[in-house]
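Architecture and fold: a report
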Amino acid sequence: MTPVLYYLPPSPPCRSVLMLAKMIGVELELKTLNVLEGEQLKPEFVQLNPQHTIPTLDDHGLVLWESRVILSYLVSAYSKDENLYPRDFRSRAIVDQRLHFDLGTLYARVVDYYFPTITVGAHLDQTRKAKLAEALGWFEAMLRQYTWAAANHFTIADLALAVTVSQIEAFEFDLHPYPKVRAWLAKCKEELEPHGYQEINQTGAETLAGLFRAKLKQ
């Protein structure tokens, strides 16, 4: 019995889980859940995940949501590559910090700025744009410490952050002021290309960006 992933292909958090699964060789049973149509509110899914969010992973009765938690769990449970999520507690703490930065700051500000337009056609808020630019500036500074986001090798922090930044790029946000971010993203694309970067991530990013632009024109 393979782990079940409830997901929607264009969703950035879902894309990170899909690429990691390919990277570490975990087969997932995929169940599409169209949150734009309210399918996440069906009673059977709410019973599984009261927060009714995607991605949601059901691994033989262990039910997890929040994609960064799913990433760390899948590596811990199924991967032999200790570089992806280091066992050393000091090294792991840096990876965790970057994952929390992605969840609570960078991706959160992407959602705050772009998703009101995608979901309800709201006008863009320039204050929220400035907050996103601020977060990118912080990430630019973080990239001075290591050759990758959290270490001198690729980790799941790079995976999560690459999905976020590539979505920002697809939305055509100006990344010129962040040369370290741009150089790091190029490395991430090369690293992830054998693991479905184009078919999973780039296609999803362009789909979501297309929804944004369509709403922007209305």
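The rules behind these values
- Residues numbered from 1 in each chain as written.
- Predicted model: local features only at pLDDT ≥ 70, side-chain atom pairs only at ≥ 80, totals over all residues.
- Heavy atoms only, no water.
- UniProt positions renumbered as here; feature names shortened; annotations may be inferred.
- Domains from an automatic or database assignment.
- Contact = heavy atoms within 4.5 Å.
- Buried area = accessible area lost by both parts, 1.4 Å probe.
- Salt bridge = Lys/Arg side-chain N within 4 Å of Asp/Glu carboxyl O.
- Helix = DSSP H or I, 4+ residues; strand = E, 2+ residues; numbered from the N terminus.
- Nonpolar A, V, L, I, M, F, W, Y, C, P; charged D, E, K, R; others polar.
- Buried < 20%, exposed > 50% of the residue type's maximum accessible area, 1.4 Å probe, protein only.
- Pairing = 2+ DSSP bridges.
- Axes fitted to C-alpha atoms, helices over the stretch in contact; angles between N-to-C directions.

Per an unreviewed UniProt entry, the recorded name for the protein chain is glutathione transferase, and the organism is Culex pipiens pipiens. UniProt annotates the protein chain under Catalytic activity (unreviewed entry) with the comment "RX + glutathione = an S-substituted glutathione + a halide anion + H(+)". Reading the Subunit (unreviewed entry) entry of the UniProt record for the protein chain gives the comment "Homodimer."

Thoughts on the domain arrangement of the protein chain
One frequently used descriptor of interface size is the decrease in accessible area upon assembly of the parts. Taken domain by domain, the protein chain holds domain 1 (4–78) and domain 2 (89–217). In this structure, domain 1 and domain 2 have C-alpha centres spaced 20 Å apart. Facing 18 residues of domain 1, the contacting portion of domain 2 comprises 25 residues. Contact with domain 2 buries area across many residues of domain 1, yet Arg15, Met19 and Arg68 alone supply 40% of it, more than any other trio. The tally of links between domain 1 and domain 2 comes to one salt bridge. Asp102 is the partner of Arg68 in a salt bridge, and the nearest nitrogen-oxygen pair spans 2.9 Å. Contributing elements (two or more residues each) for the side of domain 1 that touches domain 2: helix H1 (12–24) and helix H3 (67–78). For the side of domain 1 that touches domain 2, the element with the most residues is H1, which contributes nine residues. Grouping the constituent residues of the side of domain 1 that touches domain 2 by class yields eleven nonpolar, three polar and four charged.

Thoughts on the pattern of salt bridges
Using the criterion set out here, one finds seven salt bridges in the structure. Across the salt bridge formed by Glu134 and Arg109, the nearest N and O atoms sit 2.7 Å from each other. Here Glu134, found in helix H5 (residues 126–142), pairs with Arg109, found in helix H4 (residues 89–120); they are 25 residues apart in sequence, far enough to count as distant. Judged by relative accessible area, Glu134 falls into the partly exposed class, the value being 33%. Through salt bridges that share partners, Arg109, Lys131 and Glu134 make up one connected network.

Looking at the sheet that holds strand E1 (residues 4–7)
The strand order across the open sheet formed by four strands is E2-E1-E3-E4, and the pairing between neighbours is mixed. Among the strands making up the open sheet, the edge pair consists of strand E2 (29–32) and strand E4 (62–65). Mean inter-strand twist for the sheet, computed between neighbouring axes without regard to direction, equals 20 degrees. Of the pairings in the sheet, the one linking E1 to E2 comprises four bridges and is parallel in character. The partner of Val4 across the bridge, within E2, is Glu29.

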